[in-house]
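A look at the structure
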Amino acid sequence: QPTDPTFNGDVQKMKAAGVTGVVFEATGTIIGQLANAMYQAGMQIVLGNYSAPAYDPAYIKNAGPGTQGTVLSQPLALYDGEDAGQIPMVATLDQWYSRVNPGQVPDIYAVYGWMSGLLLAQALNTSGSVSRDALVSGLKQLTSFTADGLEPPANPAGKTPPSCWLLIDVKNGKFVRDPVTPTGFKCSPS
């Protein structure tokens, strides 16, 4: 409700209804607030399927012990440094992000902005010229884009997003890869 700045009322209703799973889309901060409210109410869930923006230190900060058992899925590498040793573009992103935002880590919105710049550059390089027409031509030719490993293959020209993902667990207040996807991505329908 607009008059309730917390999730307490919603959590009490979910708990009373016997809810055991939550699928929720919001920012890391807000998802953390929901997870914390469920924890404070003693609500046990089997499935906490929070959206990719929960891969953010703000989620852990706001959820506190409510992060226990969290499993996140996303179609992006662990861009807050965890995958920097295996994916050079993660290290490059983190290096440049740190230069312009000292002490901060990128969130999903910063990563999509970075990837948009990479897509623009790849399209212009593909077309071989710098003009609006060349950009459009280059974009129409891009049938495979991975942002140098930040995401699994997508087909921008075909308007097809990645069909691969990875799982992230929260363990001891840190994001780690789930054993289902120890490296790389798992692709559907396999």
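Residues numbered from 1 in each chain as written. Predicted model: local features only at pLDDT ≥ 70, side-chain atom pairs only at ≥ 80, totals over all residues. Heavy atoms only, no water.

A few words now on the state of the cysteines. All told, the structure shown has one disulfide when counted by the stated rule. Between the sulfur atoms of C164 and its disulfide mate C187 the distance is 1.9 Å. The sign of the S-S torsion, about 100°, decides the handedness of the disulfide formed by C164 and C187: right-handed. Residue C164 is found in strand β4 (residues 164-171), and its partner C187 is found in strand β6 (residues 186-187); the two are separated by 23 residues along the sequence. (Disulfide = S-S within 2.5 Å. Helix = DSSP H or I, 4+ residues; strand = E, 2+ residues; numbered from the N terminus.)

The next thing to look at is the environment of E25. Inspection of the secondary structure assignment puts E25 in the loop between β1 (21-24) and α2 (28-40). C-alpha separation for the pair E25 and Y50, spaced 25 residues apart in sequence, amounts to 6.3 Å. In this view, E25 contacts S51 and P53; residues no more than four positions away in its chain are not counted. (Contact = heavy atoms within 4.5 Å.)

With that settled, consider the nonpolar core. Counting 38 residues, the largest nonpolar core has V11, M38, Y50, Y59 and F175 as the members making the most contacts within it. Those residues within four positions of F175 in sequence are excluded, and the remaining contacts are A54, Y55, D56, P57, Y59, I60, L72, E82, I168, D169 and V170. (Core = buried A, V, L, I, M, F, W, Y, C linked by side-chain atoms within 4.5 Å. Buried < 20%, exposed > 50% of the residue type's maximum accessible area, 1.4 Å probe, protein only.)

Let us now look at the pairing of strand β5 (residues 174-177). With burial as the criterion, only one face of β5 is covered, namely that bearing F175 and R177; the residues K174 and V176 on the opposite face remain uncovered. In this sheet, β5 lies alongside β4 in antiparallel orientation, the contact comprising four bridges. Within β5, the residue paired with V170 across the bridge is F175. (Pairing = 2+ DSSP bridges.)

For α2, with 13 residues, the first-to-last C-alpha span of 18 Å sits near the 18 Å given by 1.5 Å per residue. Residue G42 follows α2 closely and has a positive phi angle near 75°. (Expected span 1.5 Å × (residues − 1).)

The next thing to look at is a nonpolar patch on the surface. Together, V23, V46 and L47 make up a nonpolar patch on the protein surface, roughly 340 Å² of accessible area in all. You can see V23 is positioned in strand β1. (Patch = residues over 30% accessible without salt bridge, like charges linked within 9 Å, V, L, I, M, F, W, Y side chains within 5 Å. Areas by Shrake-Rupley, 256 points an atom, 1.4 Å probe, with all protein chains shown as cover. Salt bridge = Lys/Arg side-chain N within 4 Å of Asp/Glu carboxyl O.)

Turning next to the pattern of salt bridges. Tallying each qualifying case throughout the model produces one salt bridge. The shortest N-O distance in the salt bridge between R177 and D83 comes to 2.8 Å. Of the two residues, R177 sits in strand β5 while D83 sits in the loop between β3 (71-74) and α4 (88-100), which places them 94 residues apart along the sequence. Of the two residues examined, R177 and D83, each falls in the buried class.

The first and last C-alpha atoms of helix α5 (residues 108-127) sit 28 Å apart over 20 residues, in line with the 28 Å expected at 1.5 Å per residue. Those residues of α5 that sit buried are I108, V111, M115, A123 and L124. Looking at the buried side of α5, the elements it contacts are α4 and α6 (132-141). Once α5 finishes, G128 follows within two positions and takes phi at roughly 80°, a positive value.

Let us look at the packing of aromatic side chains. Applying the stated criterion across every chain yields a total of four aromatic pairs. Of the aromatic side chains, those joined through ring pairs into one cluster are Y55, Y79 and F175. In this structure, R99 is placed above the aromatic ring of W96, and the distance from its NZ or CZ to the ring centre is 4.2 Å. (Phe/Tyr/Trp six-rings, centres within 6.5 Å; stacked < 30°, edge-to-face > 60°. Lys NZ or Arg CZ within 6 Å of the ring centre and 35° of its normal.)

Moving on, we come to the pairing of β3. Across the two faces of β3 the burial differs, with L72 and Q74 buried and V71 and S73 not buried at all. The pairing of strand β2 (residues 47-50) with β3 spans two bridges and is parallel. Residue pairing across strands places N49 opposite V71, the latter belonging to β3. Relative to β4, β3 is paired through four bridges, and the arrangement is antiparallel. For V71, the partnering residue across the bridge sits in β4 and is D169.

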